[in-house]
Amino acid sequence: MRGLVGILCCCVLLMSPDSAFARDNIEKTSLSDVVIDDIGLVAKFGDNIWQSMDANEAGNWLNSLPLSSKRPSVRQINKDILLSASPAPEKQLKENDFIKLRLELLNQAGEVASSLALINLMNKNKSIQDIDIIKNDALIASGKIDDACKKTSYYLNKYKSLYWRENLILCDIADENFTRAELQLGIMSDDKKASKTDFFYVANAIVSEQLIDFNRIKETTLIIKNLLAFAPLNQIKNLNVKDPFFTLSLANNLKDGDLNKLIWQEKALDYGVVSHNDLTLQIKENDFEPKDTQDPLYWASKHSNDIRARILLYKTAVNADIPTIKAKLIAETIKLYKLNGLNYAGFRLFYEQIKDIKSSDELSWFSRYAIQSALINRDYELAQKWLSVAQEHVDDDNQAFLSYALLWRQVKITKQSNRIFNTNSAIDRSDDALDKLGKTKEEVSLYNQNLLLLLDAIGVAISPKDWSYRNQYIAEPTMFLEANEEPSPLLLAKLNYAEASSDKLQAAIIASIIADKSPKILEGSLSSASFAIRALNKSGLNEYATMMASEIMSSVM
């Protein structure tokens with residue numbers, strides 16, 4: 001059997017020690033006699049996960065991964081699949097095609113640190129142009145433009161391909177050597193094929209300071225996304241960025257001190273493809289007038305859609321010595337992040353700060369923010385500490401009541417210490433909590449139905465009495481369905497097969513597809529999501545199942 005050999009002698013960290021990725025379980029393989037297509041960094045789905053597929057089928061599965069998802073559980077599943085160490089499909093069309101596909105998809109997902117880590121396992125003496133291009137794109141997106149440009153002339157002489165000619169121009173533009181870039185474009189204009197590319201259009205517009213119409217670009221390749229990161233954003237018309245790679249490149253390559261850079265770093269943190277440290281370094285570069293800092297909460301409330309409001313509150317929170325004041329500032333900043341559609345960035349940004357705040361009776365109201373940050377960053381011990389505080393104050397603190405009533409299951413589930421729940425007063429409190437949040441009777445009913453589906457999917461024992469009680473108010477079947485894109489019958493059939501055969505790989509891929517499309521717990525039926533989570537659980541992928549269920553359950557907060 002080829003490919004999977006011994007444990008490597010050292011460890012690779014996919015990102016900085018502060019990153020959630022650095023805490024992943026990582027396995028490595030020996031470089032002696034290794035087949036490049038087979039190498040990987042993790043092994044969570046089995047030793048030979050592609051054995052029953054040919055190259056086309058495997059490629060179809062991998063290409064179906066929802067790479068632009070922001071759900072942490074979906075992103076983790078995608079990354080672990082693409083990093084899996086396993087022999088490639090036997091019926092490959094060409095050598096190195098499978099590793100190339102996996103690396104390309106890692107890049108597209110914004111997981112460029114993982115892509116580079118995988119490339120580092122390869123034989124450095126064996127140069128492959130496709131891999132060198134993937135590595136180059138990853139280096140630029142990660143902000144290592146100097147490393148990417150160092151060997152461009154070497155690769156251009158070696159491969160003599162259009163990509164490296166374009167990369168030479170990109171490097172000149174990044175270095176603001178527009179004269180040389182213009183000269184190279186002039187030479188390229190004589191080449192009919194090269195001068196008709198989207199890259200030529202964008203590069204020529206940058207050096208001649210013309211408006212770039214994003215809608216005119218037919219295919220936004222990774223090198224074009226990287227090139228656009230070095231263009232003044234006010235020079236780009238109709239800019240539409242909805243993928244993590246482009247977001248990451250903008251976050252890393254826009255000029256330091258530019259508020260636009262901060263905006264894109266926040267978005268990259270929301271995807272989880274940068275460390276919170278990258279953002280905090282840029283935040284420190286921004287100063288405020290003394291009048292603005294006298295009452296930061298008031299100033300921020302008047303500028304809630306302005307990134308400077310988030311910067312001001314963050315800087316004030318970091319410098320606050322009194323825990324109650326620090327907690328208040330953190331909570332208000334997280335609210336601003338969520339208000340601006342960044343559901344995960346605030347919880348990731350403040351994770352280290354929250355760890356330093358001692359859970360106490362005085363801060364019971366803060367438990368909802370602390371618990372959610374802990375769950376998103378997979379720190380279940382921290383979540384348990386704050387849950388205990390919330391539990392002690394359910395009768396005298398409205399915020400603590402909400403935290404305990406709506407988040408206690410998630411903490412208990414992720415701890416997996418007790419899979420059987422008391423279905424009496426503790427669960428019943430969720431109805432009162434939803435009522436305090438202003439939810440209608442129909443929404444409460446939908447929540448209860450969805451909650452039972454998710455709990456049942458991860459193997460939590462639900463009594464018949466509780467099923468009956470929770471379903472006494474059944475919402476109209478047509479309610480909330482617009483937000484829910486139901487998977488096709490064929491996909492559900494494949495999911496049933498994966499569950500029945502304990503096929504971890506197919507269960508994980510289909511679950512990530514379904515979870516990415518699943519609505520929030522109050523916006524539609526989660527029957528499909530519960531099928532996906534159950535398949536993960538039955539296939540032995542309990543960690544993903546509980547993580548996914550917990551995320552969806554927490555969406556009400």
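Please read these numbers as outputs of a predicted model, since none were measured by experiment.

Rules used in this analysis
Residues numbered from 1 in each chain as written. Predicted model: local features only at pLDDT ≥ 70, side-chain atom pairs only at ≥ 80, totals over all residues. Heavy atoms only, no water. Helix = DSSP H or I, 4+ residues; strand = E, 2+ residues; numbered from the N terminus. Buried < 20%, exposed > 50% of the residue type's maximum accessible area, 1.4 Å probe, protein only. Contact = heavy atoms within 4.5 Å. Salt bridge = Lys/Arg side-chain N within 4 Å of Asp/Glu carboxyl O. Phe/Tyr/Trp six-rings, centres within 6.5 Å; stacked < 30°, edge-to-face > 60°. Core = buried A, V, L, I, M, F, W, Y, C linked by side-chain atoms within 4.5 Å. Patch = residues over 30% accessible without salt bridge, like charges linked within 9 Å, V, L, I, M, F, W, Y side chains within 5 Å. Areas by Shrake-Rupley, 256 points an atom, 1.4 Å probe, with all protein chains shown as cover. Lys, Arg positive; Asp, Glu negative; His and termini not counted. Charge placed at Lys NZ, Arg CZ, Asp CG, Glu CD. Disulfide = S-S within 2.5 Å. 1 Å grid on protein atoms, 1.4 Å probe; cavity = no way out; pocket = protein on both sides within 12 Å on 5 of 7 lines; lining within 4 Å. Points joined across faces, edges and corners; volume = space filled by probe spheres on them. Nonpolar A, V, L, I, M, F, W, Y, C, P; charged D, E, K, R; others polar. pLDDT = per-residue confidence, 0-100. Axes fitted to C-alpha atoms, helices over the stretch in contact; angles between N-to-C directions. Parallel < 35°, antiparallel > 145°, perpendicular 65-115°, else oblique. Left-handed = near helix turned anticlockwise from the far one by under 90°.

1. Description of the overall build of the chain
Right, on to step 1. Helices and strands together make up the secondary structure of the chain, namely 30 helices and two strands.
Right, on to step 2. For the chain, the proportion of its 557 residues judged to be buried stands at 56%.
Right, on to step 3. Put simply, of all contacts in the chain between residues at least 6 apart along the chain, 66% involve residues at least 24 apart.

2. Some points on the side chain of Ser-403
Right, on to step 1. By the element assignment, Ser-403 lies in helix 23 (residues 398-415).
Right, on to step 2. When sequence neighbours within four positions are dropped, the list of residues in contact with Ser-403 reads Ser-367, Arg-368, Ala-390, Trp-408 and Met-557.

3. Some words on the pattern of salt bridges
Right, on to step 1. All chains considered together, the criterion is met by 15 salt bridges.
Right, on to step 2. Close ionic contact of Lys-150 with Asp-147 constitutes a salt bridge, the shortest N to O distance being 3.7 Å. Here Lys-150 and its partner Asp-147 are both found in helix 6 (residues 145-150), three residues apart, which amounts to about one turn of the helix.
Right, on to step 3. Accessibility expressed as a relative area gives 40% for Asp-147, which makes it partly exposed.
Right, on to step 4. Of the charged contacts, one joins Arg-534 and Asp-456 as a salt bridge, the two residues approaching to 2.7 Å between their closest N and O atoms. Of the two residues, Arg-534 is situated in helix 29 (residues 527-538) and Asp-456 in helix 25 (residues 441-457); the sequence distance between them amounts to 78 residues.
Right, on to step 5. What makes Asp-456 partly exposed here is its relative accessible area of 30%.

4. Quick notes on the packing of aromatic side chains
Right, on to step 1. Under the defined criterion, the tally for this structure stands at 13 aromatic pairs.
Right, on to step 2. Relative to Phe-350, the ring of Tyr-314 lies with its centre 5.3 Å away and its plane at 45°, an arrangement referred to as tilted. A residue pair is termed long-range when its members are at least 10 positions apart, and Tyr-314 in helix 17 (residues 307-319) and Phe-350 in the loop between helix 19 (345-349) and helix 20 (351-356) qualify at 36 residues.
Right, on to step 3. By relative accessible area, Phe-350 is classed as buried at 0%.
Right, on to step 4. Taking 6.1 Å as the distance between ring centres and 25° as the angle between the ring planes, the aromatic pair formed by Tyr-404 and Trp-408 counts as stacked. Note that Tyr-404 and Trp-408 are positioned in helix 23 at a spacing of four residues, about one turn of the helix.

5. A short note on the nonpolar core
Right, on to step 1. Membership of the largest hydrophobic core comes to 185 residues, with the highest contact counts inside it found for Ile-81 and Phe-366.
Right, on to step 2. Element by element, the count of residues in this core is highest for helix 23, at ten residues.
Right, on to step 3. When sequence neighbours within four positions are dropped, the list of residues in contact with Phe-366 reads Ala-327, Ile-330, Ala-331, Ile-354, Ile-357 and Trp-386.

6. Observations regarding a negative patch on the surface
Right, on to step 1. Judged by side-chain charge, Asp-361, Glu-362, Glu-392, Asp-395 and Asp-396 come together as a negatively charged surface patch.
Right, on to step 2. By the element assignment, Asp-396 lies in the loop between helix 22 (380-392) and helix 23.
Right, on to step 3. Among the residues examined, Asp-396 registers a relative accessible area of 58% and is labelled exposed.

7. Quick look at the state of the cysteines
Right, on to step 1. Scanning the entire structure with this criterion turns up one disulfide.
Right, on to step 2. At a sulfur-sulfur separation of 2.0 Å, the disulfide partner of Cys-149 is Cys-171. Handedness of the Cys-149-Cys-171 disulfide follows from its S-S torsion of about -95°: it is left-handed. Taken together, the residues Cys-149 in helix 6 and Cys-171 in helix 8 (residues 162-174) connect sequence positions 22 residues apart.
Right, on to step 3. The class for Cys-149 is partly exposed, based on a relative accessible area of 22%.
Right, on to step 4. With a relative accessible area of 9%, Cys-171 lands in the buried category.

8. Focus: the layout of surface pockets
Right, on to step 1. Space inside the largest pocket adds up to approximately 830 Å³.
Right, on to step 2. In this structure, the largest pocket is lined by 33 residues; those nearest its centre are Arg-71, Asn-343, Tyr-344, Lys-520 and Ser-555.
Right, on to step 3. Of all the elements in the fold, those that place two or more residues in the lining of the largest pocket are helix 21 (367-376), helix 28 (504-517) and helix 30 (542-554).
Right, on to step 4. In terms of residue count, helix 30 provides more of the lining of the largest pocket than any other element does, four residues in total.
Right, on to step 5. Looking at the lining of the largest pocket, its residues break down into 13 nonpolar, nine polar and eleven charged.
Right, on to step 6. For the second largest pocket, the lining is made up of 22 residues, of which Ile-133, Tyr-163, Thr-221, Leu-222 and Ile-223 are closest to its centre.

9. Concerning the confidence of the model for the chain
For any part of a model where pLDDT is low, the fine detail of the predicted coordinates should not be relied upon.
Right, on to step 1. The share of residues in the chain with pLDDT of 70 or more is 88%, and the mean pLDDT across the chain is 86.
Right, on to step 2. In this model, residues 477-483 is a region of pLDDT below 50 whose contacts with residues beyond four sequence positions or in other chains number eleven contacts.

10. Brief notes about the packing of helix 13 (residues 259-271) against helix 14 (residues 276-283)
Right, on to step 1. One can describe the packing of helix 13 onto helix 14 by two numbers: an axis separation of 9 Å at closest approach and a directional angle of 160°. With respect to each other, helix 13 and helix 14 are oriented roughly antiparallel. The interaxial crossing formed by helix 13 with helix 14 has left-handed handedness. Across the interface between the two elements, Lys-261, Leu-262, Gln-265, Glu-266 and Leu-269 of helix 13 pack against His-276, Asp-278, Leu-279, Gln-282 and Ile-283 of helix 14.

11. Here we look at the environment of Met-188
Right, on to step 1. On the secondary structure map, Met-188 appears in helix 9 (residues 178-188).
Right, on to step 2. Here the alpha-carbon distance between Met-188 and Arg-165, two residues 23 residues apart in the chain, equals 8.6 Å.
Right, on to step 3. Apart from the residues within four sequence positions on either side, Met-188 is in contact with Leu-162, Arg-165, Glu-166, Ile-169, Ala-194, Ser-195 and Phe-200.

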